[in-house]
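Examining the three-dimensional arrangement
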Protein chains: 2
Amino acid sequence: MSANTPAVKPVPTESPRERKRRETRQRIAEAAQRLFLANGYEGTTLDAIAAEAGISRRTFFSYFKSKDDIILFWRDVDSASLYADLLRTSPDVPPLDAVRDVMVKHIERYTTEQMTAVDNLMRSSEALLTRKQAYYAQQEQVLFDTLCEVWRQPERRAALRMVAMVSIGAMRLALQAWREQSGQRKPAASFLRDAFDSLKSEL
Amino acid sequence: MSANTPAVKPVPTESPRERKRRETRQRIAEAAQRLFLANGYEGTTLDAIAAEAGISRRTFFSYFKSKDDIILFWRDVDSASLYADLLRTSPDVPPLDAVRDVMVKHIERYTTEQMTAVDNLMRSSEALLTRKQAYYAQQEQVLFDTLCEVWRQPERRAALRMVAMVSIGAMRLALQAWREQSGQRKPAASFLRDAFDSLKSEL
DNA sequence: ATTATAAGTTGCACTAAGTGCATAAATTAA
DNA sequence: TTAATTTATGCACTTAGTGCAACTTATAAT
């Protein structure tokens, strides 16, 4: 529940203490990422991460509550910008279209290399795969909350729940289709558009 | 991936060895369930489960590959019957309606007590919650495969993927709504029906 | 500046999950 | 009965994660 603090942008009033804490957290996440990519998730121990980040093993646990929490750190960082975008959209646009546009725009920022690297990492461990699925569920909740911020009519809440569910689902299926295509020639964004299109036509 | 063997019904040709293995697996699952309900998930060690089931700790791992795999055992047992039902439906019915009917029928078999017990168990541990989410993703895949068995036209596969995603999602949201209602007066099945209804109307 | 107070860091000991390996016991096949 | 193959178990080991107490560093108060 009390997940990762999503790496807030440097708030005007940030005490030196908070700054150092944020930097250390970042440093640990970066160290872990390097090691994960080099040796895989299972092949990287907390001792190694702590050493690479220049802290003690025990201190690690005052920054992340578990090993796989590090993964969420990165995802939180970039999904935060997605929700920020969404908050800026007008309530006149249909929610599903708004989400689609924001997601497409968001996914286009990543190169194929970045995406495959993350993807391979995720697939390197059963535990991470599991965690990724749980992450989607969590994002569905966050997306729903964000949608409620923009489209505030209480009578639409049920619909917004469906929109959130269906959008995260479309995203998941799109990424899956993108991953499974041989050669990865089509960009992920186009799979995402297709997924939203079939949502409308097939239901 | 290579998950639990879903507790196959006694196949005509079952060697004594296979029978004993199946029974032991069952016994472990039952022992674990008793202990989980009594002491919570985290409060139950593998040593305790092994003792309760009358096997050694080491032997446990030749029946389940991890502690939380035990949970999947039960879910697999009862979801198997759902898919069996689905396989018996006619390809003339729209897939989404077929899934809804089968799911509703399936959920009606459980009493409120059974459902709340399982639900409380799931919520007793972060790890189980995570596992449950991952389980939904797995079920989505199984449902999709089953749908493909019934509606065999290749050109419908994309639609069936959506149907699977949306159905599991509706189920999830329905159970969530059911859980969150105060007092649990309305049965879960009616939430499920509502969820499928809003799917069609809200999209 | 000095001291009190709180926050952050670390080591140590401990629990519990999970794996590899070698050996013993039990089944099935010959 | 004996040989071969599974299955069960004990043992040692690794790793994640937690509680606690000592120590160090930063912030606040006098």
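The text that follows walks through the structure, step by step, so that each part is easy to find. None of the values given here were measured: they were computed from a predicted structure.

Moving on to the packing of helix α1 (residues 16–39) of chain A against helix α2 (residues 46–53) of chain A. All names here are of chain A. Packing of α1 against α2 brings their axes to within 8 Å, and their N-to-C directions diverge by 125°. When the axis of α1 is compared with that of α2, the two are oblique. As for how α1 packs across α2, the hand of that crossing is right-handed. Together, R27, I28, A31, A32, R34, L35 and F36 of α1 and A48, I49, E52 and A53 of α2 make up the contact between the two elements. Broken down by class, the residue content of the contact of α1 with α2 amounts to 8 nonpolar, no polar and 3 charged.

Before going further, it helps to spend a moment on the interface of chain B and chain A. Each partner contributes residues to the interface: chain B has 27 residues there, and chain A has 27 residues. Summed over both sides, the interface of chain B with chain A buries roughly 2400 Å², with 68% coming from carbon and sulfur. Area buried by chain B at its contact with chain A is led by M162, L173 and L203 of chain B, which between them contribute 24% of it. At the boundary of chain B and chain A, one finds 3 salt bridges. Between E140 of chain A and R172 of chain B there is a salt bridge, with its nearest N and O atoms 2.2 Å apart. Those elements that provide at least two residues to the side of chain B that touches chain A are α7 (126–150), α8 (157–180) and α9 (188–202) of chain B. The biggest single contributor to the side of chain B that touches chain A is α8 of chain B, with 11 residues. Classifying every residue of the side of chain B that touches chain A gives 13 nonpolar, 6 polar and 8 charged.

Next up on the list: the protein's contact with DNA strand C. With respect to spatial proximity, 19 residues lie near DNA strand C, and among them R17 and T59 of chain A together with R57, R58 and K67 of chain B are the closest. Protein-proximal atoms of DNA strand C, defined as those within 4 Å of the protein, fall in sugar or phosphate at a share of 60%. Contact between DNA strand C and S56 of chain A: a phosphate oxygen at 3.1 Å from a main-chain N or O atom of the residue. Here a phosphate oxygen of DNA strand C and a backbone polar atom of L46 of chain B are 3.2 Å apart. Listing elements by their share of the surface near DNA strand C, those giving two or more residues are α1 and α3 (57–60) of chain A together with α1 (16–39) and α3 (57–60) of chain B. Looking at the surface near DNA strand C, its residues break down into 5 nonpolar, 6 polar and 8 charged.

Here we come to the side chain of D68 of chain B. Residues and elements named next belong to chain B. Within the secondary structure layout, D68 lies in the loop between α3 and α4 (69–87). The buried category is assigned to D68, whose relative accessible area is 16%. If we ignore the near neighbours within four places in the chain, the residues touching D68 are Y41, L128 and R131.

This part takes up the protein's contact with DNA strand D. Lining the immediate surroundings of DNA strand D are 19 residues, of which R57, R58 and K67 of chain A together with T59 and Y63 of chain B lie closest. Backbone atoms, meaning sugar plus phosphate, form 59% of the atoms of DNA strand D positioned within 4 Å of the protein. Within the side chain of R57 of chain A, one N or O atom sits 2.4 Å away from a base nitrogen of DNA strand D. S56 of chain B has a polar backbone atom sitting 3.1 Å from a phosphate oxygen of DNA strand D.

This part covers the relation of the copies chain B and chain A. Rotating chain B by 180° and translating it 0.0 Å along the rotation axis places it on chain A, where the RMSD comes to 0.1 Å. Such values leave the two copies arranged in the relation of a two-fold axis. Looking at the interface residues of chain B, 100% of them are also at the interface in chain A, so both copies use one shared face.

Definitions and cut-offs
- Residues numbered from 1 in each chain as written.
- Chains lettered and ligands numbered in written order.
- Predicted model: local features only at pLDDT ≥ 70, side-chain atom pairs only at ≥ 80, totals over all residues.
- Heavy atoms only, no water.
- Axes fitted to C-alpha atoms, helices over the stretch in contact; angles between N-to-C directions.
- Helix = DSSP H or I, 4+ residues; strand = E, 2+ residues; numbered from the N terminus.
- Parallel < 35°, antiparallel > 145°, perpendicular 65-115°, else oblique.
- Left-handed = near helix turned anticlockwise from the far one by under 90°.
- Contact = heavy atoms within 4.5 Å.
- Nonpolar A, V, L, I, M, F, W, Y, C, P; charged D, E, K, R; others polar.
- Buried area = accessible area lost by both parts, 1.4 Å probe.
- Salt bridge = Lys/Arg side-chain N within 4 Å of Asp/Glu carboxyl O.
- Near = heavy atom within 4 Å.
- Polar contact = N/O pair within 3.5 Å; in protein donor to acceptor, adjacent residues only side chain to side chain.
- Buried < 20%, exposed > 50% of the residue type's maximum accessible area, 1.4 Å probe, protein only.
- Least-squares fit on C-alpha atoms with pLDDT ≥ 70 in both.

This is a description of form; function is not addressed.
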